[in-house]
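In case you want the letters, here they are:
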Amino acid sequence: MSKRVFITGIGIVCAIGKNVEETFQSLLAGKTGIGEITLFNTMHKGIIPMAEVKMTTEELLEEVGKAGKKNLTRTALLGMKAAKEALGSAGISNIHQYKTGLISASTVGGMDRSEDFYASFLSDPARGRLIDVVNHDCGDSTERIASHLGISDLVTTISTACSSSVNALMFGSNLIKTGQLDRVVVGGTDAVTRFTLNGFNTLMILDKTGCHPFDENRAGLTLGEGAAFLVLESEEVVMKDGKNILAEVSGYGNANDAYHQTASSPDGTGAFMAMSKAIAMSKLQPNDIDYINVHGTGTQNNDLSEGIAIERIFGEHVPPYSSTKGFTGHTLGAAGAVEAVISVLALKHQVVFSNLGFSIPMKELHNRPVTTNHNASIRHVLSNSFGFGGNNSAVVLSRYVTGDA
Amino acid sequence: MTNTPVYINGLGSVSPQKALLVEPLFFEANQLRCADPGYKEFIPAEMIRRMGRIIKMGVTASKLCLRDAGSSSGSNMEREIIPQAIITGTGLGCMEDTEKFLTSMIRNKEEFLTPTSFIQSTHNTVAGQIALLIKCHGYNFTYVHRGVSFESALLDAMTQFEMGELSDALVGGTDELTVNSFAITSRLGYWKRKPVDTKNLLDDRQRGTIAGEGATFFFLENYQNEHTYARLMGVTTFLKPASEKEVSKRVHDFLATAGLTTNDIDLVFMGLNGNPRTDQVYKFLAGKDFADTPLAYFKHLCGEYHTASAFAAWLAAQVISTQLVPGAVCLKSSPKSTIYEHVLIYNHFMGNNHAFILLSRP
């Protein structure tokens, strides 16, 4: 049984970059990916901003070598691109060398195409192109990614709203720890859709000025899209192949707030439990955490609940923290993996990223997020992801120093 | 296959059947729906009206399961169970609410929308609602991978039992059939065009199968009590096998991890659904690897859906516990009296996602 799980590859596509390097450069430059809606027609265009991946679906098709194919959803394409980058980053050329799984996550799956189908279908049940609806389910994008990478053993998908892809990382780690897999590609993918845009809009939690996480005057989140994947490998594989280790997965925790279907509890019960479990599994103390990549959506409810849970754990010694959703938007099912990749970048480059959109501290909290990028000694990063249904998750990623093993 | 024992100590099901083991229901239909099993008993009245059907089915099946587990602990007192984890699987999630929100978004041109159906459309709504209603702060996961959604949930639970992270878990599978999802999948050729007598489902020569739905829950624990139904030995999933031979090889490999061969299997539940094209692989295994093994089937009772294998596991657990195979599921009986020690479930969804689940006598 492998006691340790290592991250050996990362891949990402999001509003601030088409790959890891571009994303890192945008983070360093403080460049937001939030802007006007361009990908589809909606009455909210020009009113509500979004963080779109700066590639059309046609460009994505070309990018993954599927130009002209009509059976791929944007969600699948984003996932294929990011997962392939992760595999390359881990230096894996022969996927069959070890028992390899794929655990992906998504909240809307192929909804970007189903909503087009549905408009025709509603006018006449015999209408609507079937090719637009056949890939509706969340499993579709996962199987497209699996076949793009050549994985056929353990392939599955998680959907726990905005915590989905951290949960993929947790399940993948457990499969390695129990020796069921030698390595596993974990992550998530979600495209922006009118369905989610209108859904969040009915909840009145979309900020028309772009999100302002942890700011006193925050007025909601900004939807984003993207995909991110990480390659996890067992200690044995890493040692045998002399792999370059990007970080170690040292702990993770999952809990349910059991308070309300969409709102977080005022004392942050679920968030507190998830973070506590993650820190306990990593055998660390709260003061060992050097940086928190908070969930920080920018809604009144989340940031208050999360902020209080953080103070309950860290007391007066809250480590530097930031929400990077001011860069990427809230990428829903991909968010946990997007932020895990950003956390790996923080460890690798020893830099804390700023919390875009912040100006006035929240009156309920005794601390404020990081507002300028700065270098710091970072050994351990805590990354939070919380979602509808009370689903709360947290993960601790640690810097690997040669000789630690 | 896990070395840590995992026992099924509670069962709950909402299905198109009412009292299957006593009086199986057969239909003249190409789609089977769950009748209201008496939601009022399990869900607060003010919530029933707003909840989508899959949520009602899931919550009810989970409460039936916890009640069953609570009353089966041997003592006279019912124990009230708050599980350490709630892990569910669903192929399509909350279709009714998804369709409802999509329809009003399109019809009203993105105006005058209300949030209820959007909130309930997320795939993890059932697991979230169960947690909310029983105040369960534990691990909460939802798998959404087509025909192996339920198996993924089982695998997750077993993995954590083995790691010592869990000593009990509520695990289930839920899927609902809606008017529109049936219409769309009919156009995709999933279903038989004309209704069939479900009693003779396997003899029907029309293409496709019959649609179904259901919610099935299991309460798993790491110890056995006097009402334990069965021991959950293992589960495995795989994608798009290249040939029938590959499936055959995989079943041998899977059983070998439990130290078993096909000869040790006393009954195989097969996902046969009357679709001549996709039933072929079951027939291949029945003729080759399990030529002398009793066989059972179940989709004529619950229809085809992504988490139908949970219904089969529910049946298999009861076969082991009662040592009886209900006549309605029996496809090939044993020539001699059999002790049902090891029962295997082999299921695939549309030939794409395949899975084995092995249950044994505790």
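Residue numbers here run from 1 along each chain, matching the order of that chain's written sequence. Chain A is the first chain written and ligand 1 is the first ligand written, with later ones labelled in order. The model is predicted, so local features are restricted to residues of pLDDT at least 70 and side-chain atom pairs to those at 80 or more, both for listing and for counting; the totals for chains, interfaces and linings are taken over all residues.

Draft legend 1. Just the overall build of chain B, in detail. The helix and strand inventory of chain B stands at eleven helices and 13 strands. Taking the principal axes of its C-alpha atoms as reference, chain B extends roughly 65 × 50 × 35 Å. Contact criterion: two residues are in contact if their C-beta atoms, reconstructed from the backbone, are within 7 Å. The long-range fraction of contacts in chain B, counting pairs at least 24 apart against all pairs at least 6 apart in sequence, stands at 79%. Secondary structure elements follow DSSP: runs of H or I of four or more residues count as helices, runs of E of two or more count as strands, with numbering from the N terminus.

Draft legend 2. Summary view of the overall build of chain A. Secondary structure summary: chain A contains twelve helices and twelve strands in total. We compute the radius of gyration over the C-alpha atoms and compare it with the globule rule, which gives 2.2 Å times the number of residues raised to the power 0.38. Rg of the C-alpha trace for chain A: 20 Å, near the compact-globule value of 22 Å for 405 residues, within the 12% margin. Dimensions along the principal axes, computed over C-alpha positions, put chain A at roughly 60 × 55 × 40 Å. When the 405 residues of chain A are sorted by exposure, 65% land in the buried category. If you take every contact in chain A between residues at least 6 apart in sequence, the share linking residues at least 24 apart comes to 80%. Once C-beta atoms are placed from the backbone, each residue is buried if 20 or more other C-beta atoms lie within 10 Å of its own, exposed if 12 or fewer, and partly exposed for counts between those two.

Draft legend 3. Focus on the confidence of the model for chain B. On average, chain B scores 94 in pLDDT, and the residues at 70 or more come to 98%. Scoring the predicted complex yields pTM 0.97 and, for the interface, ipTM 0.97. The predictor attaches a confidence to each residue, called pLDDT, with possible values from 0 through 100.

Draft legend 4. Focus on the nonpolar core. A set of buried Ala, Val, Leu, Ile, Met, Phe, Trp, Tyr and Cys residues, joined to one another through C-beta atoms within 7 Å, is what we call a nonpolar core. Core analysis: the largest hydrophobic core is formed by 242 residues, its most contacted members being Leu-169, Leu-230 and Val-341 of chain A together with Ala-157, Phe-269, Ala-316 and Leu-359 of chain B. For the domains described, the bounds stem from an automatic or database domain assignment. For this core, the domains that each give at least three residues are domain 1 (7-221) and domain 2 (231-360) of chain B.

Draft legend 5. Main features of the interface of chain B and chain A. Each partner contributes residues to the interface: chain B has 51 residues there, and chain A has 53 residues. Mapped onto the side of chain B that touches chain A, the elements with two or more residues apiece are helix H3 (95-107), helix H4 (116-121), helix H5 (125-134), strand E4 (139-143), helix H6 (149-163), helix H7 (179-187) and strand E8 (230-239) of chain B. Partitioned by chemical class, the residues of the side of chain B that touches chain A number 24 nonpolar, 18 polar and nine charged. In the scheme used here, Gly and all other residues not listed as nonpolar or charged are polar, with Ala, Val, Leu, Ile, Met, Phe, Trp, Tyr, Cys and Pro taken as nonpolar and Asp, Glu, Lys and Arg as charged.

Draft legend 6. Broad picture of the domain arrangement of chain B. Residues and elements named next belong to chain B. What the domain assignment lists for chain B is domain 1 (7-221) and domain 2 (231-360). With centres defined by C-alpha atoms, the gap from domain 1 to domain 2 works out at 22 Å. In this complex, domain 1 contributes 48 residues to the contact, which on the side of domain 2 involves 34 residues. Listed by contribution, the elements that provide at least two residues to the side of domain 1 that touches domain 2 are strand E1 (7-14), H6, strand E5 (168-175) and strand E7 (214-221). No other element matches the seven residues that H6 contributes to the side of domain 1 that touches domain 2. For the side of domain 1 that touches domain 2, a count of residues per class yields 21 nonpolar, 19 polar and eight charged.

Draft legend 7. The environment of Tyr-98 of chain A, seen in detail. Mapping Tyr-98 of chain A onto the fold places it in the loop between helix H3 (74-89) and strand E2 (100-105). On a C-alpha basis, the gap between Tyr-98 of chain A and Val-237 of chain A in space is 8.3 Å, while along the polypeptide they are 139 residues apart.

Draft legend 8. Just the pairing of E5 of chain B, in detail. Residue and element names in this part refer to chain B. Burial analysis of E5 places eight of its eight residues in the buried class, the great majority of the element. Side chains Asp-168, Leu-170, Gly-172 and Thr-174 of E5 all project onto a buried face; the interleaved residues Ala-169, Val-171, Gly-173 and Asp-175 project onto the opposite face, where all are buried too. In terms of strand pairing, strand E3 (residues 85-89) meets E5 through four bridges, oriented parallel. Bridging from a neighbouring strand, Ile-87 pairs with Val-171 of E5. In this scheme, strands are said to pair when DSSP sees at least two bridges between them. Summarising the sheet, E5 and E7 pair through eight bridges and their orientation is antiparallel.

Draft legend 9. Up close: helix H1 (residues 20-29) of chain A. Residues and elements named next belong to chain A. Turning to H1, its buried residues are Val-20, Thr-23, Phe-24 and Leu-27. Buried residues of H1, viewed axially, fall in a sector of 100°; they line one side. Away from the buried face of H1 by more than 90 degrees, exposed residues Glu-21, Gln-25 and Ala-29 are located. Contacts from the buried residues of H1 go to strand E1 (5-14), H3, helix H11 (325-328) and helix H12 (335-349). The arc in question is the one spanned by the directions pointing from the helix axis to the C-beta atoms.

Draft legend 10. Up close: the environment of Thr-142 of chain B. By the secondary structure assignment, Thr-142 of chain B is in strand E4. Distance from Thr-142 of chain B to Tyr-190 of chain B, taken between C-alpha atoms, is 25 Å for residues 48 residues apart in sequence.

Draft legend 11. Fine view of the pairing of strand E11 (residues 380-387) of chain A. Residue and element names in this part refer to chain A. Taken across its eight residues, E11 has eight buried, putting it largely inside the fold. On E11, burial covers both faces: His-380, Leu-382, Asn-384 and Phe-386 on one face and Val-381, Ser-383, Ser-385 and Gly-387 on the other are all buried. With three bridges joining them, strand E7 (residues 291-293) and E11 adopt parallel strand pairing. Counted as the bridge partner of Tyr-291 is Val-381 from E11.

Draft legend 12. Structural context of the packing of helix H6 (residues 164-177) of chain A against H6 of chain B. The interhelical angle for the contact between H6 of chain A and H6 of chain B, taken along N-to-C directions, is 55°, at an axis separation of 10 Å. On the basis of their axis angle, the class for H6 of chain A and H6 of chain B is oblique. Crossing handedness for the pair H6 of chain A and H6 of chain B: left-handed. Between H6 of chain A, through Phe-171, Asn-174, Leu-175 and Lys-177 of chain A, and H6 of chain B, the contact on the second element is made entirely by Asp-156, Thr-159, Gln-160 and Met-163 of chain B. Only the stretch in contact is used when fitting a helix axis, every axis being a line fitted to C-alpha atoms; angles between N-to-C directions are given from 0 to 180 degrees. Roughly parallel means an angle under 35 degrees; roughly antiparallel, over 145; roughly perpendicular, 65 to 115; everything else is oblique. Two helices cross in a left-handed way if the nearer one is turned anticlockwise from the farther one by less than a right angle. They cross in a right-handed way if the turn is clockwise.

Draft legend 13. Region of the structure containing helix H8 (residues 244-256) of chain B. Residues and elements named next belong to chain B. How far a helix is expected to stretch is found by multiplying one less than its residue total by 1.5 Å. Between its first and last C-alpha atoms H8 spans 19 Å; for 13 residues at 1.5 Å apiece the expected length is 18 Å, and the two agree. Burial in H8 covers these residues: Val-247, Val-251, Phe-254 and Leu-255. End-on, the buried residues of H8 take up no more than an arc of 90°, which puts them together on one face. Across from the buried face of H8, at angles greater than 90 degrees, the exposed residues are Lys-245, His-252, Asp-253 and Ala-256. In the core, the buried residues of H8 are packed alongside E8, helix H9 (280-287), strand E12 (342-349) and strand E13 (353-360).

Draft legend 14. Here's a closer look at unusual backbone geometry. Positive phi, close to 55°, is recorded for Leu-332 of chain A, a residue that is not glycine. Mapped onto the elements, Leu-332 of chain A comes out in the loop between H11 and H12. Positive phi, normally seen in glycine, also occurs at Phe-112 of chain B, with a value near 55°. Tracing the backbone through its elements, the reader meets Phe-112 of chain B in the loop between H3 and H4.

Draft legend 15. View of the packing of H8 of chain B against H9 of chain B. Residue and element names in this part refer to chain B. Where H8 meets H9, the axes come as close as 10 Å, and the angle between the chain directions of the two elements is 55°. Our classification of the angle between H8 and H9 gives oblique. Note on packing geometry: the crossing formed by H8 with H9 is right-handed. For the pair H8 and H9, the contacting residues are Glu-244, Val-247, Ser-248 and Val-251 in the first and Val-281, Phe-284 and Leu-285 in the second.

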